[in-house]
Amino acid sequence: IIMGRLYNGQLLDMFEMGIKSYKSIENCVKENKAAKTADSPSFILFQGDSFEKDLKMQTLKNLFLDFFKARLIEEIDIPTI
């Protein structure tokens, strides 16, 4: 998968990524016996220090947040999920 961003018609950044394994949401729901509904919140989890310390990984994190129009949340109250 290749993802990139443009700014004023110029390439801002671009990443090429490979997919080693894929599992559809339908399979996840069946395996976890959970029901995904329209009002269920979605999230992107960035795990590991490299997303804070490595410039390329920080840029990739920013690209994903921009692409999926996500807002950054620093803490999650697990019992309320």
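Here the structure is a predicted model, which means the values were calculated and not measured.

A.B. asks: How would you explain the overall build of the protein if you had to name every residue and give the values?
C.D. replies: Counting its regular elements, the protein contains 3 helices and 2 strands. The secondary structure elements of the protein, listed N-terminal to C-terminal, are β-β-α-α-α. Within the protein, buried positions represent 15% of all 81 residues. Pairs at least 24 residues apart make up 34% of the contacts formed inside the protein by residues separated by at least 6 positions. Within the structure as shown, the protein displays about 7700 Å² of accessible surface, and the carbon and sulfur contribution to it stands at 56%.

A.B. asks: Can you break down the side chain of Asp13 residue by residue, with the values?
C.D. replies: Considering the arrangement of structural elements, one finds Asp13 in strand 2 (residues 10-16). A polar atom in the side chain of Asp13 sits 2.5 Å from the side chain of Arg5.

A.B. asks: Can you explain unusual backbone geometry? Please cite residues and give values.
C.D. replies: Both trends apply: most residues other than glycine have a negative phi, and most peptide bonds are in trans. A positive phi angle, close to 55°, is found at Asn8, a residue other than glycine. Along the polypeptide, Asn8 turns up in the loop between strand 1 (2-7) and strand 2. By relative accessible area, Asn8 is classed as exposed at 67%.

A.B. asks: Mind laying out the pattern of salt bridges, listing which residues take part and the relevant values?
C.D. replies: Overall, the coordinates contain 4 salt bridges when judged by the stated rule. Close ionic contact of Lys53 with Asp49 constitutes a salt bridge, the shortest N to O distance being 3.8 Å. Classification of Asp49 by relative accessible area gives exposed; the value is 54%. Measuring nitrogen to oxygen at the nearest pair gives 2.7 Å for the salt bridge that ties Glu52 to Lys61. Judged by relative accessible area, Lys61 falls into the buried class, the value being 11%. Here the residues in one salt-bridge network are Arg5, Asp13 and Asp66, joined through shared partners.

A.B. asks: Explain helix 3 (residues 55-67) residue by residue, including any values.
C.D. replies: Look at helix 3: 18 Å from first C-alpha to last across 13 residues, which is about the 18 Å you get at 1.5 Å a residue. Along helix 3, the residues classified as buried are Leu60, Lys61, Leu63, Phe64 and Leu65. Contacts from the buried residues of helix 3 go to strand 1, strand 2 and helix 2 (50-53). Between a side-chain oxygen at the N-terminus of helix 3 and the backbone nitrogen of Lys56 the separation is 2.8 Å; the capping residue is Asp54. Lys69 occupies a position one or two residues after helix 3 and carries a positive phi of about 50°.

Procedures and definitions
- Residues numbered from 1 in each chain as written.
- Predicted model: local features only at pLDDT ≥ 70, side-chain atom pairs only at ≥ 80, totals over all residues.
- Heavy atoms only, no water.
- Helix = DSSP H or I, 4+ residues; strand = E, 2+ residues; numbered from the N terminus.
- Buried < 20%, exposed > 50% of the residue type's maximum accessible area, 1.4 Å probe, protein only.
- Contact = heavy atoms within 4.5 Å.
- Areas by Shrake-Rupley, 256 points an atom, 1.4 Å probe, with all protein chains shown as cover.
- Polar contact = N/O pair within 3.5 Å; in protein donor to acceptor, adjacent residues only side chain to side chain.
- Salt bridge = Lys/Arg side-chain N within 4 Å of Asp/Glu carboxyl O.
- Expected span 1.5 Å × (residues − 1).

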